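Analysis of the macromolecular model
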Amino acid sequence: MDEWWSVEILGSELDVSTWVRARGRDLIRTALEHGARDWEWGSGSWGVVLEFCFAESVAVDGGWSGFIDSPLVKAALDAVPDPVNGVFFYPGRGGSSSAVVPRRPKPAPVAAAAALPEPEPTMRPARLAGLIGTGAIGSLG
């Protein structure tokens, strides 16, 4: 059985495309040297994803672990536009799923919300009680 692994690179279109032109062939060649059977590029507004298919029975020093530990791959991943927050690798295919419809902005956090003003009552109970005791309200009977 084959296993797919993905390398996802986030960044602006210009930065990521420059990185792909400079480092993409090296990544593919290194993956093939470590037993990759297939590979595929995917792109979106968020960046690119490079998916590799490795045979499950690849030797211990080959396969995904050999690929990701190779000096050439480490150098390529260090050269991405944002090496701290812009590189993800994980088992499986896919990459970030881009929505067909753009996401709506999230509501403001609860701490930033302001309380609505309380409506003014038409007649205050304390004032009404004071009027009853003074005879301002007509007598019954």
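Report on the accompanying structure. (Residues numbered from 1 in each chain as written. Predicted model: local features only at pLDDT ≥ 70, side-chain atom pairs only at ≥ 80, totals over all residues. Heavy atoms only, no water.)

**Some thoughts on the overall build of the chain**
What the chain contains, in helices and strands, is 4 helices and 4 strands. When its helices and strands are written in sequence order, the chain yields β-α-β-β-α-α-β-α. In the chain, buried positions account for 26% of the 141 residues. Long-range contacts, defined as pairs at least 24 residues apart, comprise 67% of the intrachain contacts of the chain with a sequence gap of at least 6. Carbon and sulfur atoms provide 58% of the accessible area of the chain, an area that totals close to 10200 Å². (Helix = DSSP H or I, 4+ residues; strand = E, 2+ residues; numbered from the N terminus. Buried < 20%, exposed > 50% of the residue type's maximum accessible area, 1.4 Å probe, protein only. Contact = heavy atoms within 4.5 Å. Areas by Shrake-Rupley, 256 points an atom, 1.4 Å probe, with all protein chains shown as cover.)

**Re the nonpolar core**
Judged by nonpolar contacts, the single largest core of 21 residues is most densely connected at Ile9, Leu27, Phe52, Phe54, Trp64, Phe67 and Leu77. Looking at this core, the elements that each hand over two or more residues are strand S1 (2-10), helix H1 (13-33), strand S3 (47-55), helix H2 (63-69) and helix H3 (71-78). Not counting chain neighbours up to four residues away, the residues in contact with Leu77 comprise Val7, Ile9, Ile68, Pro83, Val87 and Phe89. (Core = buried A, V, L, I, M, F, W, Y, C linked by side-chain atoms within 4.5 Å.)

**Brief notes about H3**
Of all the residues in H3, the buried ones are Val73, Ala76 and Leu77. End-on, the buried residues of H3 take up no more than an arc of 95°, which puts them together on one face. For H3, exposure combined with an orientation more than 90 degrees from the buried face picks out Pro71 and Asp78. Elements in contact with the buried residues of H3: S1, H1, H2 and strand S4 (87-91). (Arc of directions from axis to C-beta.)

**Description of the sheet that holds strand S2 (residues 36-44)**
Strand pairing in a sheet relies on backbone hydrogen bonds, with the paired strands running either antiparallel or parallel. Reading across from one edge, S2-S3-S1-S4 is the order of the 4 strands in this open sheet, with antiparallel pairing throughout. This sheet does not close on itself; its edge strands, each paired only once, are S2 and S4. Strand-to-strand, the axes of this sheet are offset by a mean angle of 15°, without reference to chain direction. With 8 bridges connecting them, S2 and S3 associate as antiparallel partners. (Pairing = 2+ DSSP bridges. Axes fitted to C-alpha atoms, helices over the stretch in contact; angles between N-to-C directions.)

**Thoughts on the side chain of Glu8**
Considering the arrangement of structural elements, one finds Glu8 in strand S1. According to the relative accessible area criterion, Glu8 is buried, its value standing at 4%. A polar atom in the side chain of Glu8 sits 2.8 Å from the side chain of Tyr90. (Polar contact = N/O pair within 3.5 Å; in protein donor to acceptor, adjacent residues only side chain to side chain.)

**Brief notes about the packing of H1 against H3**
Look at H1 against H3: their axes get within 10 Å of each other, and the N-to-C directions meet at 155°. It follows that H1 is roughly antiparallel to H3 by the angle criterion. Our pair here, H1 against H3, has a crossing hand that is left-handed. Counted together, Trp19, Arg23, Asp26, Leu27, Arg29 and Thr30 of H1 and Leu72, Val73, Ala75 and Ala76 of H3 form the full contact between these two elements. When the residues that make up the contact of H1 with H3 are grouped by side-chain class, the tally is 6 nonpolar, 1 polar and 3 charged. (Parallel < 35°, antiparallel > 145°, perpendicular 65-115°, else oblique. Left-handed = near helix turned anticlockwise from the far one by under 90°. Nonpolar A, V, L, I, M, F, W, Y, C, P; charged D, E, K, R; others polar.)

**Re the pattern of salt bridges**
Overall, the coordinates contain 5 salt bridges when judged by the stated rule. With its nearest N and O atoms 3.5 Å apart, the salt bridge here joins Arg29 to Asp26. Of this pair, Arg29 and Asp26 both sit in helix H1, 3 residues apart, which is roughly one turn of that helix. What makes Asp26 partly exposed here is its relative accessible area of 21%. Under the relative-accessibility criterion, Arg29 is labelled partly exposed at 43%. Through salt bridges with shared partners, a single ionic network connects Asp26, Arg29 and Glu33. (Salt bridge = Lys/Arg side-chain N within 4 Å of Asp/Glu carboxyl O.)

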